[in-house]
Amino acid sequence: MSEGGAKLWGGRFTEATDAFVERFTASIGFDQRLARHDIAGSRAHATMLAEQGVLTAEERDAILAGLGEIEAAIEAGSFPWAVELEDVHMNIEARLTERIGAAGKKLHTGRSRNDQVATDIRLWLRDAIDALDVELVRLCEGLLAQAEANADTIMPGFTHLQTAQPVTLGHHFLAWFEMLLRDRSRLQDCRKRLNACPLGAAALAGTTFPINRERTAALLGFDRVVENSLDAVSDRDFAMEFTAWASITMVHLSRFSEELILWASAQFAFIDLPDRFCTGSSIMPQKKNPDVPELVRGKSGRVVGHLMALLMLMKGQPLAYNKDNQEDKEPLFDCVDTLSDCLRAFADMVPALVPRVAALREAAISGFATATDLADYLVRAGLPFRDAHEVVGRAVAHAVTAECDLAELSLETLQGFSDRIGEDVYAVLTVEGSVAARDHFGATAPSQVRAAVARGRERLAQGLL
Ligand code: ARG
């Protein structure tokens, strides 16, 4: 055979593929990552074909044995991947025929690379999702542990990045937990929809052989078969959905990163990031940089970029399969790798965060965080809320000029703003009193945080939202 003449599809061609075109159209450089799942798909297909009488038992056994040897060679790193064979599917099939002869050529009966690759990616992504879920759960557990440990730790809560009201750090950690728990639920939703088997769709229209699609699907652990053969080979909405999940999760991690970066700064000094998650500067000896959260924040950009790539990849494609779809793999692989690293980094880092409890409390005290509590106090004393707001606004302005906190103003001074203020006002002006008073479902009181942590553990264990 001439160079390039060994193509599995070479029958109707009269000249060899241009060397550049061969390289340009090949996907073997990246799709060899699908090898294990490609072999799993072939095993199921061969098993089903034999059950249906399309292959003999001997042919099936030869195929299964050959695939086993190929799998071992791939795992050992000794498989001779060849760019002339274009992709993972044809590399494995050609090798199989080389090893077992005629039976190898029958494996592709009733199948096309179009339903084959659609099956491989779904199988591969399903495993990737299961591995990502483990890291996601580990991160959620770390957040619950920090929430529990910091149920009583007081910090300023912010709106507009200005001190708003005191909250507990545990409550803040629980906010992150909720976001990531929703991300987990979205990931599981994506898994449910992708877990359907395209095999049997063949090139686009189905096959003339008496196949059993349900059987192949069951052998591969799919919940069902993809109903429509044109849809089965062409759509990649599961990949778009996964990358959308990845983008949302990365945006959550990016926001989380941003807070950790701020909090670790000398200006905030809310937390210490352990040294093992930081690096130094080659010029400034004093520096300890929060590289891990910074990189996670940065990597959110590439993941959102991959989502855009997949959306644009699909948008102009007519039914059914087009070679465009070969471009689905690299963005998808990189999303999985990036999410895997970022979730792991956070799952390792979160339990190791060390809150600076005194500095957090000090920050809550210094920003008039209990002004709303004073207003609420006046409302309870009979003043309409808008009037109370006005009174407290004047008291805050006074404290700003006097450079002190509301709790440091004398009773006399406070009564100058409203005669409804009594001795008991100081109880609501403390940050402890402020958080304890927000004592209902979903609020920041330490008792509520503890209850939410207990519920959180339950929800996580049961896979609930
Ligand atoms: N490497 C191809 C892909 O990733 C496999 C399917 C090729 N099918 C075809 N008809 N050329 O999409």
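Scroll up a little and you will see the structure.
Below is a short write-up of the structure. Here the structure is a predicted model, which is why all the values come from computation and not from measurement.

**Details of the nonpolar core**
Moving on, step 1. Within the largest apolar cluster, 87 residues are counted, with the highest numbers of intra-cluster contacts made by Leu125, Leu139, Leu143, Phe242, Trp245, Leu253 and Phe346.
Moving on, step 2. The greatest single-element share of this core, amounting to 14 residues, is contributed by helix H7 (residues 113-149).
Moving on, step 3. The residues contacting Leu253, other than those within four sequence positions of it, are Leu139, Leu180, Val296, Cys342, Leu343 and Phe346.

**Quick look at the packing of helix H3 (residues 35-51) against helix H4 (residues 57-76)**
Moving on, step 1. One way to put it is that H3 packs onto H4 with a least axis distance of 10 Å and a crossing angle of 175°. When the interaxial angle is binned, H3 and H4 end up roughly antiparallel. On H4, the residues that touch Ala35, Arg36, Ile39, Ser42, Arg43, Ala46, Thr47 and Ala50 of H3 are Arg60, Ile63, Leu64, Leu67, Gly68, Ile70, Glu71, Ile74 and Glu75.
Moving on, step 2. The class makeup of the residues in the contact of H3 with H4 is nine nonpolar, three polar and five charged.

**What about the environment of Phe441?**
Moving on, step 1. Looking at the secondary structure, you find Phe441 in the loop between helix H19 (431-437) and helix H20 (446-462).
Moving on, step 2. C-alpha of Phe441 to C-alpha of Ala451: the two residues are 10 residues apart in sequence and 8.8 Å apart in space.
Moving on, step 3. Setting aside residues up to four positions removed in sequence, Phe441 forms contacts with Gln448 and Arg455.

**Observations regarding the site of the ligand**
Moving on, step 1. Close contacts around the ligand come from Ser27, Asp31, Asp87, His89, Arg113, Asn114, Val117, Tyr321, Gln326 and Lys329, and that covers them all.
Moving on, step 2. With respect to the ligand, the side chain of Ser27 contributes an N or O atom lying 3.2 Å from a nitrogen atom.
Moving on, step 3. In isolation the ligand exposes 340 Å². Once the protein is present, 86% of that is buried.
Moving on, step 4. The element contributing the most residues to the shell around the ligand is H7, with three residues.
Moving on, step 5. In terms of residue class, the shell around the ligand is built from two nonpolar, four polar and four charged.

**Things to note about the pattern of salt bridges**
Moving on, step 1. For the coordinates displayed, the defined rule picks out 31 salt bridges.
Moving on, step 2. Lys329 serves as the salt-bridge partner of Asp328, at 2.9 Å between the closest nitrogen and oxygen.
Moving on, step 3. One salt-bridge network, in which partners are shared between bridges, spans Glu86, Asp87, Arg113 and Lys323.

**Focus on H3**
Moving on, step 1. In a regular helix each residue adds 1.5 Å, so 17 residues correspond to 24 Å; H3 covers 24 Å between its end C-alpha atoms and thus fits that length.
Moving on, step 2. Where burial is concerned, most of H3 is hidden: 13 out of the 17 residues are buried.
Moving on, step 3. Immediately beyond the C-terminal end of H3, within one or two residues, lies Gly53, with a positive phi of roughly 80°.

**Considerations on a nonpolar patch on the surface**
Moving on, step 1. Nonpolar side chains collect at one region of the surface, where Phe20, Val21 and Phe24 lie side by side and expose about 320 Å² of accessible area between them.
Moving on, step 2. In this fold, Val21 is placed in helix H1 (residues 19-25).

**Details of H20**
Moving on, step 1. Over its 17 residues, H20 runs 25 Å from end to end, which matches the ideal 24 Å to within 8%, given 1.5 Å per residue.
Moving on, step 2. Along H20, the residues classified as buried are Pro446, Gln448, Val449, Ala452, Val453, Gly456, Arg459 and Leu460. Take H20 and look down its axis: the buried residues cluster within an arc of 140°, on one side only.
Moving on, step 3. Against H7, strand E2 (162-168), helix H8 (169-194) and H19 lie the buried residues of H20.

**Quick notes on the pairing of E2**
Moving on, step 1. As paired elements, strand E1 (residues 154-159) and E2 share six bridges and run antiparallel to each other. Within E2, the position partnered with Gly157 by the bridge is Gln165.
Moving on, step 2. A loop of two residues connects E1 with E2, the two strands running antiparallel in sequence, and His160 in this loop sits at a positive phi of about 60°.

**Concerning the packing of H8 against H20**
Moving on, step 1. Running from N to C, H8 and H20 cross one another at 20°; their axes reach a closest spacing of 11 Å. By the criterion of interaxial angle, the relationship of H8 to H20 is roughly parallel. Of the two possible hands of crossing, H8 and H20 adopt the one that is left-handed. Contacts between H8 and H20 involve Gly170, His171, Leu174, Phe177, Glu178, Leu181 and Arg184 from the first element and Val449, Ala452, Val453, Gly456, Arg459 and Leu460 from the second.
Moving on, step 2. Across the contact of H8 with H20, the residue classes tally to seven nonpolar, three polar and three charged.

Rules used throughout
Residues numbered from 1 in each chain as written. Predicted model: local features only at pLDDT ≥ 70, side-chain atom pairs only at ≥ 80, totals over all residues. Heavy atoms only, no water. Core = buried A, V, L, I, M, F, W, Y, C linked by side-chain atoms within 4.5 Å. Buried < 20%, exposed > 50% of the residue type's maximum accessible area, 1.4 Å probe, protein only. Helix = DSSP H or I, 4+ residues; strand = E, 2+ residues; numbered from the N terminus. Contact = heavy atoms within 4.5 Å. Axes fitted to C-alpha atoms, helices over the stretch in contact; angles between N-to-C directions. Parallel < 35°, antiparallel > 145°, perpendicular 65-115°, else oblique. Nonpolar A, V, L, I, M, F, W, Y, C, P; charged D, E, K, R; others polar. Near = heavy atom within 4 Å. Polar contact = N/O pair within 3.5 Å; in protein donor to acceptor, adjacent residues only side chain to side chain. Areas by Shrake-Rupley, 256 points an atom, 1.4 Å probe, with all protein chains shown as cover. Salt bridge = Lys/Arg side-chain N within 4 Å of Asp/Glu carboxyl O. Expected span 1.5 Å × (residues − 1). Patch = residues over 30% accessible without salt bridge, like charges linked within 9 Å, V, L, I, M, F, W, Y side chains within 5 Å. Arc of directions from axis to C-beta. Pairing = 2+ DSSP bridges. Left-handed = near helix turned anticlockwise from the far one by under 90°.

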